[in-house]
Amino acid sequence: MVLAGGGLIYVGAGSSGDDPATIASSPSPTGPSAEELAAAEQAKRVKQLDAALKKVATGGAEFSVAVLDAKTGQTYAYRGATTYDTASIVKADILACMLLKAQDADREPSPKEMKLAKPMIELSDNNATTSLFQRIGGKAAVTKCNKRLGLTATTIDVHWGLTRTTAADQVKLLTALDSPEGPLDEESQQTAFDLMAGVDEQQDWGVPSIAKAGETATVKNGWDTRDADGGKWVVNTIGRVTSDDVDVSVAVLSHDNASQEKGIALVEKVAKLTRKYLEY
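Residues numbered from 1 in each chain as written. Predicted model: local features only at pLDDT ≥ 70, side-chain atom pairs only at ≥ 80, totals over all residues. Heavy atoms only, no water.

Within an unreviewed UniProt entry, the label attached to the protein reads Beta-lactamase class A catalytic domain-containing protein, and the organism entered is Actinoplanes missouriensis.

Printed below as a string of structure tokens:
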């Protein structure tokens, strides 16, 4: 038995191996399937992206990134299980838990809740966030909610901005804000989409930088400086890029940035590299 190009050719012991009729009836060698070729191409792109990100990582600040292409089901992560402070991206998590709490009570979010949620997301208002965080039950309630959202690597802090998370978990959160299999119903998902698509122009950076003409971007960014880190900056961005042909969730987390501006440049560069090499 000889294996040739994926096809099996059986050669008899001594007689019919050269018989034209026998040769004609033997299976023809076959090449890789379309699926195998696509997998090989994907593996090549991932290897190239890994190499590109490793070059970026020599710049001093640390970062991680995770990507989910909902159209193909393909995922990518670079240091995706490493934990980082959330800063204000946790506000998207608080929003999801507020919406889920309203669902559980078989009601729409109250006017008071929406009055807090809107500036929390669109303006990243900290006072509104603290009020809404406490209103829905604080650390204990959001921790319980996150189990339903599938966030297994996020640790909620009573000081919400010090919550710890991973890029992979943030992609799970973005999926919960969109997937029909998730706990949030269509109306709740639309509310989250509208708020995250309507952030203030000054905060419209990060994930939106990779959106092309005709595509819609949703985003929640986070940024903060840490005395414990010598005044260096945490800069994070999470969001989705959607159109008829594209539905991709991206989370980029970073810390040890010399300034907010450099942190923004870093997370946008990382996000753009994922689009370049993964070709979504």
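There is more to say, and it comes next.
Following the criterion strictly, the structure yields one cavity of 30 Å³ or more and no others. Within this model, the largest cavity holds a volume of roughly 60 Å³. It is helix α8 (residues 186-196) that provides the largest number of residues to the lining of the largest cavity, a total of four residues. (1 Å grid on protein atoms, 1.4 Å probe; cavity = no way out; pocket = protein on both sides within 12 Å on 5 of 7 lines; lining within 4 Å. Points joined across faces, edges and corners; volume = space filled by probe spheres on them. Helix = DSSP H or I, 4+ residues; strand = E, 2+ residues; numbered from the N terminus.)

This part covers the nonpolar core. The nonpolar side chains of a soluble globular protein tend to be buried with one another. One finds Ile94, Leu95, Leu132, Leu149 and Leu173 to be the most contacted residues of the largest nonpolar core, which totals 40 residues. Where this core is concerned, the elements lending two or more residues are β3 (62-69), α3 (90-104), α4 (111-122), α5 (126-135), α6 (138-149), α7 (167-176), α8 and β9 (247-255). Looking at which element gives the most residues to this core, the answer is α3, with nine residues. One finds Trp205, Val219, Val246 and Leu266 within the second-largest nonpolar core, a separate group that totals 30 residues. (Core = buried A, V, L, I, M, F, W, Y, C linked by side-chain atoms within 4.5 Å. Buried < 20%, exposed > 50% of the residue type's maximum accessible area, 1.4 Å probe, protein only.)

As for its placement among the helices and strands, Val267 is situated in helix α9 (residues 260-278). Sequence-wise, Val267 and Trp205 are 62 residues apart; in three dimensions their C-alpha atoms are separated by 9.4 Å. Residue contacts for Val267: discarding those within four places in its chain leaves Trp205, Val235, Thr237, Val252 and Ser254. (Contact = heavy atoms within 4.5 Å.)

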